[in-house]
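The chain contents come next:
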Amino acid sequence: MNKNKEQLLNKRYKAEQRFRLYGLSAIFMALLFLTIFIFKIFSTGYSAFQKTWLIVPVTFDAELMMLDQNPSKEDLQDADYYDIALKSMADLDPNANEDQENELKRMVSYFFEKEIKNELLNDPNLIGKTKEVYLTASDDLDQVFKGNYPRDLPEDQRRVSDYQLKIFDQLVANGKVESKFNISFFTNADSREAELAGIASSFMGSIFSILVCLMIAFPVAVLAAIYLEEFAPKNRFTDFIEVNINNLAAVPSIVFGLLGLGVLLAIFHLPRSTPLVGGITLSLMTLPTIIIAARASLKAVPPSIREAALAMGASRMQTTMHHTVPLSMPGTLSGTIIGLAQALGETAPLILIGMVAFVNTIPGSPMDPAASLPVQIYIWAESAERGFVEKVSACIMVLLGFLIIMNLFAQIIRHKFEKKWS
Amino acid sequence: MIKIKAKDVDVFYGKKQALFNISLDIEENQVTALIGPSGCGKSTFLRCLNRMNDVIDICSVKGEILINDFNINDKSCDVVRLREKIGMVFQKPNPFPKTLYENVSYGPTIHGMAQSKQEMDEIVETSLKKAALWEEVKDRLHEPGTGLSGGQQQRLCIARAISVTPEVILMDEPCSALDPIATAQIEELIDELKKEHTIIIVTHSMAQAARVSQNTGFFHLGRLIEHGSTDKIFKNPDNKKTQDYITGRFG
């Protein structure tokens, strides 16, 4: 009998140990996946924060720019920079033939003319002089410099010719290639050219969408939650509503996208591809999340607080507004932020309402066309150029950073303002 | 003088009847104790007196409850005005998670009883003094009420209840969560409060009922078995069940 008991006890301890082991290995697996995922994104994406520049001597020849003596500001604006830009690239190899001159031109971004112009506008005294100007390298050379480009492929399978590589290597050897922090990634809108593409448009698009979403979803959801939790009679009808709010939270987001397309765009003719429409569509998605969070935190307020207020002669409205709602706010707010974080990462509904369009301007208001961060990731991931690979990862990093900050904020609100019950 | 007159009060939770035919008179400026085993309906009856049962959707109350000869179950009765006149102290201390000052000033604020900050300060001070809490907390009026000890919290709740000078104070087992010293303080307080207020106290402790009350009602299974002066109920009850309960044979 005693021996049996001991065996049983041992068995129980062993079972417990096994269970701990299962739990630990599950956590280990989760952490492993997370680490691999983050490592992959960072190792691909970090190089996008650097940008390669070619340092090219430019001669600001007044004659080639069609400028008179003592030109005014307007003259400088209207001057022709294409010829001096072309000439300075061609001068990199004095022996170049016409084809090779063309290849030389394609070593920098098509933006090089503008970069040279800005240089002169900053310092008009440069006319007639020669100055070394930083020009954005083409996306392929950018990748070559970062070591991401397969140089050993046969020439006809590469977008960079042997000739371009030769000149580029010479420039590198002379210290005329420099890598600097990629400011334009944050200040430029999207572009077909990887070296010029930035996230400014999609970032602003995301912010505007989230703001529109917050302004619509938060008040509606909080009012709905307060009514359902504090005022509505408990009957079949409110049960029905409650079930359907939970159902709404489970509806795939693309369905909301179709709704936005069919109602907001087709019936109300709101402007297509705008954060306004995106925000409204996302708010439909966020609504049930916030309602559920708000109701849960209203429910968590002890009934004794309500009774105390009611027994003091407070009306139902006063009880709710003076006590229950303020006490439930931390939970409601952190639920709201989590709902918004979900909305921030949502792609499918935005694609359906046209926020997937190529937008090369930075939106100034929710009424301007824009992309959003997750959609930007989708657009870039679809692009063929090698330069977009790192951009995709970098954009994911920005989006993840954004989400982590929001979730952190939700945690802080919850911990800081949560009331401890006696 | 009779302050509250209950006539044939029935209470239902859904289909289940919780109180049967309760008729009870409550004397002004005296302490009336309601005793009985758990689930006998004494708290339910107490909550009828300030219509706190309204909060429970499935609860319905029938019969007449006259306070100052006015039927509070009548449609014309305004619950907010009623609860201003009938204060309540609960079983578990439930101060608002706000400062001591805000706790006490809440009632006077919503009922517009103070014209100035000074008047409000006075109300808070007198209420806390009447609740025998002033000396202990006068230096920390702006600290959270939830930071007090259990007994202090309960006295804070009493101060909150008397801040609107109610005519009646209902107490639902106010000492059940407190230690003997805090209990003694509250009992002393009850004795003091009965000069200005009519007090009805639900208690599980027969010793407490005997100590603080002048009248006692004994409830059993939703019926009022016997009521009368505390002396009579404890020394010479008419009913066998009362006798058994008092002597500890059940309950």
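Residues numbered from 1 in each chain as written. Chains lettered and ligands numbered in written order. Predicted model: local features only at pLDDT ≥ 70, side-chain atom pairs only at ≥ 80, totals over all residues.

### Focus: the overall build of chain B
Right, so step 1: Assigned secondary structure in chain B consists of ten helices and ten strands.
Right, so step 2: On C-alpha atoms alone, chain B measures out to a radius of gyration of 18 Å, which is about the 18 Å that the 2.2 N^0.38 rule sets for 251 residues.
Right, so step 3: Referenced to the eigenvectors of the C-alpha coordinate spread, the extents of chain B come out at roughly 55 × 45 × 35 Å.
Right, so step 4: Looking at the 251 residues of chain B, the share that counts as buried comes to 45%.
Right, so step 5: Put simply, 67% of the contacts in chain B that link residues at least 6 apart link residues at least 24 apart. (Helix = DSSP H or I, 4+ residues; strand = E, 2+ residues; numbered from the N terminus. Rg over C-alpha atoms; globule rule 2.2 N^0.38 Å. Buried ≥ 20, exposed ≤ 12 C-beta atoms within 10 Å, placed from the backbone. Contact = placed C-beta atoms within 7 Å.)

### A few points about the overall build of chain A
Right, so step 1: Looking only at helices and strands, one finds 17 helices and three strands in chain A.
Right, so step 2: Taking 422 residues into account, the globule formula puts the C-alpha radius of gyration at 22 Å, and chain A, at 30 Å, lies well above it.
Right, so step 3: The principal-axis extents of the C-alpha atoms in chain A amount to approximately 95 × 70 × 40 Å.

### Let's talk about the nonpolar core
Right, so step 1: Core analysis: the largest hydrophobic core is formed by 70 residues, its most contacted members being Ile169(B), Leu170(B), Ile200(B) and Ile201(B).
Right, so step 2: Setting aside anything within four residues of it in sequence, one finds Ile169(B) in contact with Gly87(B), Val89(B), Ala161(B), Ile162(B), Leu193(B), His197(B) and Ile199(B).
Right, so step 3: Judged by nonpolar contacts, the second largest core, of 59 residues, contains Cys213(A), Leu214(A), Met355(A) and Cys395(A). (Core = buried A, V, L, I, M, F, W, Y, C linked by C-beta atoms within 7 Å.)

### Remarks on the interface of chain B and chain A
Right, so step 1: Listed as interface residues are 22 residues of chain B and, on the opposing side, 18 residues of chain A.
Right, so step 2: By residue class, the composition of the side of chain B that touches chain A is eleven nonpolar, six polar and five charged. (Nonpolar A, V, L, I, M, F, W, Y, C, P; charged D, E, K, R; others polar.)

### What about the domain arrangement of chain A?
Right, so step 1: On domain assignment, one finds that chain A holds domain 1 (52-180) and domain 2 (200-417).
Right, so step 2: Inter-centroid distance (C-alpha atoms) of domain 1 of chain A to domain 2 of chain A is 47 Å. (Domains from an automatic or database assignment.)

### A look at helix α5 (residues 112-122) of chain A
Residues and elements named next belong to chain A.
Right, so step 1: Turning to α5, its buried residues number three or more, namely Phe112, Ile116 and Leu120. The buried residues of α5 occupy one face: seen down the axis, they fall within an arc of 80°.
Right, so step 2: If you follow the buried residues of α5, they end up packed against β1 (50-59), α2 (73-78), α3 (82-90) and β2 (130-136). (Arc of directions from axis to C-beta.)

### Comments concerning the packing of α3(A) against helix α4 (residues 98-105) of chain A
Residue and element names in this part refer to chain A.
Right, so step 1: Relative orientation of the contacting elements α3 and α4 amounts to 105°, with a least axis distance of 8 Å. One finds that α3 runs roughly perpendicular with respect to α4. Where α3 abuts α4, its residues Leu86, Met89 and Ala90 lie against Glu101, Leu104 and Lys105.
Right, so step 2: Residue composition of the contact of α3 with α4, grouped by class: four nonpolar, no polar and two charged. (Axes fitted to C-alpha atoms, helices over the stretch in contact; angles between N-to-C directions. Parallel < 35°, antiparallel > 145°, perpendicular 65-115°, else oblique.)

### Observations concerning the sheet that holds strand β3 (residues 177-181) of chain A
Residues and elements named next belong to chain A.
Right, so step 1: Spatial ordering of the open sheet is given by β2-β1-β3, a layout of three strands whose pairing is antiparallel. The outermost strands of the open sheet, each flanked by one partner alone, are β2 and β3. On average, adjacent strands in this sheet sit at an angle of 40° to one another, irrespective of strand direction.
Right, so step 2: Here β1 runs beside β2; their pairing, made up of seven bridges, is antiparallel. Bridge pairing in β2 links Val56 to Val133. (Pairing = 2+ DSSP bridges.)

### Things to note about the confidence of the model for chain B
All names here are of chain B.
Right, so step 1: Taken as a whole, chain B shows an average pLDDT of 91; of its residues, 100% reach a score of 70 or greater.
Right, so step 2: Mean pLDDT across the secondary structure elements of chain B bottoms out at helix α10 (residues 240-246), with 89, and peaks at strand β8 (residues 198-202), with 95.
Right, so step 3: Both scores are available for the predicted complex, with the pTM at 0.84 and the ipTM at 0.91. (pLDDT = per-residue confidence, 0-100.)

### Concerning unusual backbone geometry
Right, so step 1: Residues other than glycine seldom take positive phi values, yet Met66(A) does so here, at roughly 60°.
Right, so step 2: Tracing the chain through its elements places Met66(A) in the loop between β1 and α2.
Right, so step 3: Phi is positive for Leu221(B), which is not a glycine, with a value near 50°.
Right, so step 4: Mapping Leu221(B) onto the fold places it in the loop between β9 (215-220) and β10 (223-229).
Right, so step 5: What makes Leu221(B) partly exposed here is the crowd of 14 C-beta atoms within 10 Å.

### Concerning the sheet that holds strand β1 (residues 2-13) of chain B
All names here are of chain B.
Right, so step 1: On the basis of which strands lie adjacent, the open sheet formed by four strands has the order β2-β1-β4-β5 and antiparallel pairing. Looking along the sheet, the strands with just one partner apiece sit at the ends: β2 (16-27) and β5 (70-71).
Right, so step 2: One ladder, built from eight bridges, connects β1 with strand β4 (residues 59-67); its direction is antiparallel. Bridging from a neighbouring strand, Phe12 pairs with Ser60 of β4.

### Considerations on helix α10 (residues 236-250) of chain A
Right, so step 1: Its 15 residues give α10(A) an end-to-end C-alpha distance of 21 Å, which sits within 8% of 21 Å, the value for a rise of 1.5 Å per residue.
Right, so step 2: Little of α10(A) sits out of view: just zero of its 15 residues are buried. (Expected span 1.5 Å × (residues − 1).)

### Side note on the packing of helix α14 (residues 316-344) of chain A against helix α17 (residues 387-417) of chain A
The geometry of a pair of packed helices is captured by two quantities: the angle between their axes and the separation between those axes.
All names here are of chain A.
Right, so step 1: The contact between α14 and α17 brings their axes to 8 Å, and the two run at 175°. Viewed along their axes, α14 and α17 adopt a mutual orientation that is roughly antiparallel. In contact with Pro330, Gly331, Leu333, Ser334, Ile337, Ile338, Leu340, Ala341 and Leu344 of α14, α17 contributes Phe402, Leu403, Met406, Asn407, Phe409, Ala410, Ile413, Arg414 and Phe417.
Right, so step 2: Its residues assigned to classes, the contact of α14 with α17 shows 14 nonpolar, three polar and one charged.

### A short note on the pairing of β2(B)
Residues and elements named next belong to chain B.
Right, so step 1: Note that β1 and β2 share eight bridges and pair antiparallel. Among the inter-strand pairings, Phe12 is bridged to a residue of β2, identified as Gln17.
Right, so step 2: Where β1 hands over to β2, the hairpin turn is made up of two residues, of which Gly14 adopts a positive phi near 65°.

### Let's talk about the environment of Lys7(B)
Residues and elements named next belong to chain B.
Right, so step 1: Position of Lys7 relative to the elements: it lies in strand β1.
Right, so step 2: Overall, Lys7 belongs to the partly exposed group, with 14 C-beta atoms counted inside 10 Å.
Right, so step 3: Sequence spacing of Lys7 and Asp25 is 18 residues, and the spatial spacing of their C-alpha atoms is 8.7 Å.
Right, so step 4: Once residues lying within four places of it in the same chain are set aside, the contact partners of Lys7 are Ser23, Gly63 and Glu64.

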